[in-house]
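# Fold and contact review
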Amino acid sequence: MDKQVPLCAVACMSCPLTPLFSVLLTLLAASYTDSSDDETSPRDKQQKNSKGNGDFCIKNIKQADFGRREIEIAEQEMPALMALRKRAQGEKPLAGAKVVGCTHITAQTAVLMETLSALGAQCRWAACNIYSTQNEVAAALAEGGFSVFAWKGESEDDFWWCIDRCVNLEGWQPNMILDDGGDLTHWIYKKYPNMFKKIKGIVEESVTGVHRLYQLSKAGKLCVPAMNVNDSVTKQKFDNLYCCRESILDGLKRTTDVMFGGKQVVVCGYGEVGKGCCAALKAMGSIVYVTEIDPICALQACMDGFRLVKLSEVIRQVDIVITCTGNKNVVVREYLDRMKNGCIVCNMGHSNTEIDVASLRTPELTWERVRSQVDHVIWPDGKRIVLLAEGRLLNLSCSTVPTFVLSITATTQALALIELYNAPEGRYKQDVYLLPKKMDEYVASLHLPTFDAHLTELSDEQAKYLGLNKNGPFKPNYYR
């Protein structure tokens, strides 16, 4: 019997785009193969980039070309960082800076790292989340000469090993820390406390990490100045709100293909992240409940049209549970036991402490992997919940986030590093500081040309009436 030729192949034979189609298939095959199911731990591989440098540990250096293309796309949506790179490159405000970083390693972070390098800094980097690393981007950074220690799907042991490799290098000692979550800062305090003698400052961008810094400060254990980027206006009002408003839907769709219309959803926490999640879900037709401990945020939720409840009141009926509080044990085993069959459970906070995942790892419950970052947890009676990213940050673990919004945060981080690194002795003491409002406004102004936006200028009379400088800052430092 003659072999039948697939119809798609017949179509391709006569198609003038066949060569292009073949190239595309080849690229796709290479991409999927290279990111693949190679189970060998990167720690067991000996890899070098094209220049013979092997001071990195990533999944696969062969993915560098794919990562470079993703970085180039990100650059188009990060106008402020690119502008900062051009404006300050001649001055090299970070010359001599040795920055050790622990953040999500994505195309957007790569643009930040390459900007810091262009401004004179040396960088060594690890990932702050075991699932959020884009392997191809890590490869592109390693090929570009950056010391990167990260790959998607690290174990807990790998996570701390990567941080240690960043910090512990003979003949190289960091003098600046850029952290997201506080794990890097914690590791240095725990293992290498003497390093703080040469560290000029810490820049921290997450709720969790900032909370840890304030705890250290209150206990008198913070031995260097720290910049709280998370509570800067440009982080709170843009990254936390607008980023989550878009990425919550993306993360849920990619992992579960769920339809949002008519679904009952409870969002735990109505800070900026919670506000973004609620707005997106409400717009898609979901019935949204909110839990809150803060009466001010609770009142905002009520006036935005959401029903304020205790989690125990709705846990049996909701279809989706989303945590975004920055706290621990928000969804405990008691609530997990009472959830309806098929309930989707996920976290939009930085840390994996909000959902008590450890309580689900017991003999009577069965774990069943559905797809990457999606697990069924099955009870003895057949009930199952859908757990996303094992309770870790949903959007960066399971999808992507809007690059433009991250440009705002990354520019704020870069300016905070420049400020702390160049500050004269005595300007900042061993405490936690907010970014000066003038810098917040500068970051915002760098992004306005993208929208062809034109600011109105105060007249001399108006400026005098308001008691302001015509060039800002336009809000007091306490404004949030």
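What you see is a predicted model, and the numbers here were worked out from it, not measured in a lab.

It is worth spelling out the packing of aromatic side chains at this point. With the rule as written, the count across this model stands at eight aromatic pairs. Aromatic side chains Y189 and F196 sit 4.2 Å apart centroid to centroid with 35° between the ring planes, which places their arrangement in the tilted category. For F196, a relative accessible area of 6% gives the class buried. Centre to centre, the rings of F238 and Y242 are 5.8 Å apart; their planes meet at 45°, and the pair counts as tilted. Separated by four residues within a single helix, F238 and Y242 lie in helix α10 (residues 233-256), roughly one turn from each other. When its relative accessible area of 28% is taken as the criterion, F238 is described as partly exposed. Here a set of aromatic residues connected by ring pairs shows up, and it is made of F159, W160 and W187. Sitting over the face of the ring of W367, R361 holds its NZ or CZ atom 4.1 Å from the ring centroid.

Before going further, it helps to spend a moment on helix α16 (residues 403-422). In a regular helix each residue adds 1.5 Å, so 20 residues correspond to 28 Å; α16 covers 28 Å between its end C-alpha atoms and thus fits that length. Of all 20 residues that make up α16, 19 are buried, and the element is covered over most of its length.

Moving on, we come to the sheet that holds strand β7 (residues 264-268). The strand order across the open sheet formed by eight strands is β9-β8-β7-β10-β11-β14-β13-β12, and the pairing between neighbours is mixed. The two strands at the open ends of the sheet, each matched to only one other strand, are β9 (307-308) and β12 (366-371). In the packing of α10 onto the sheet, contacts are made with β10 (320-323), β11 (344-347), β12, β13 (374-378) and β14 (384-388), and the angle to β14 comes to roughly 125°.

Formed by 54 residues in total, the largest nonpolar core has its most connected members in V99, L116 and V148. With ten residues, α16 is the largest single contributor of residues to this core. Ignoring any residue separated from it by four or fewer positions in sequence, one finds V148 in contact with D55, F56, C57, I58, I105, M113, W125, A138 and L141. C244, C277, A280 and L388 belong to the second largest nonpolar core, which has 31 residues in total.

Time to look at the pairing of β7. For β7, a buried count of five out of five residues is recorded, marking the element as mostly surrounded by other parts of the structure. Because side chains alternate across β7, one face comprises the buried residues Q264, V266 and C268, and the other comprises V265 and V267, equally buried. The sheet contact formed by β7 and strand β8 (residues 287-291) spans five bridges and is parallel. Among the inter-strand pairings, V266 is bridged to a residue of β8, identified as Y289. Note on the crossover from β7 through helix α11 (residues 272-283) to β8: the handedness is right-handed. Looking at chain direction, β7 and β10 are connected through four bridges and run parallel. Across the sheet, V265 pairs through a bridge with I320, a residue of β10.

This part takes up the UniProt feature "binding site: NAD(+)" (unreviewed entry) in the protein. Taken from the UniProt record, the annotation "binding site: NAD(+)" (unreviewed entry) applies to G271, E272, V273, G274, K275, G276, E292 and N395. In this fold, V273 is placed in helix α11. Not counting residues up to four positions away in its chain, the partners in contact with V273 are N240, C244, C324 and M348. Checked against the element boundaries, K275 lands in helix α11.

Conventions used here
Residues numbered from 1 in each chain as written. Predicted model: local features only at pLDDT ≥ 70, side-chain atom pairs only at ≥ 80, totals over all residues. Heavy atoms only, no water. Phe/Tyr/Trp six-rings, centres within 6.5 Å; stacked < 30°, edge-to-face > 60°. Buried < 20%, exposed > 50% of the residue type's maximum accessible area, 1.4 Å probe, protein only. Helix = DSSP H or I, 4+ residues; strand = E, 2+ residues; numbered from the N terminus. Lys NZ or Arg CZ within 6 Å of the ring centre and 35° of its normal. Expected span 1.5 Å × (residues − 1). Pairing = 2+ DSSP bridges. Contact = heavy atoms within 4.5 Å. Axes fitted to C-alpha atoms, helices over the stretch in contact; angles between N-to-C directions. Core = buried A, V, L, I, M, F, W, Y, C linked by side-chain atoms within 4.5 Å. Right-handed = clockwise from strand over helix to strand, strands pointing away. UniProt positions renumbered as here; feature names shortened; annotations may be inferred.

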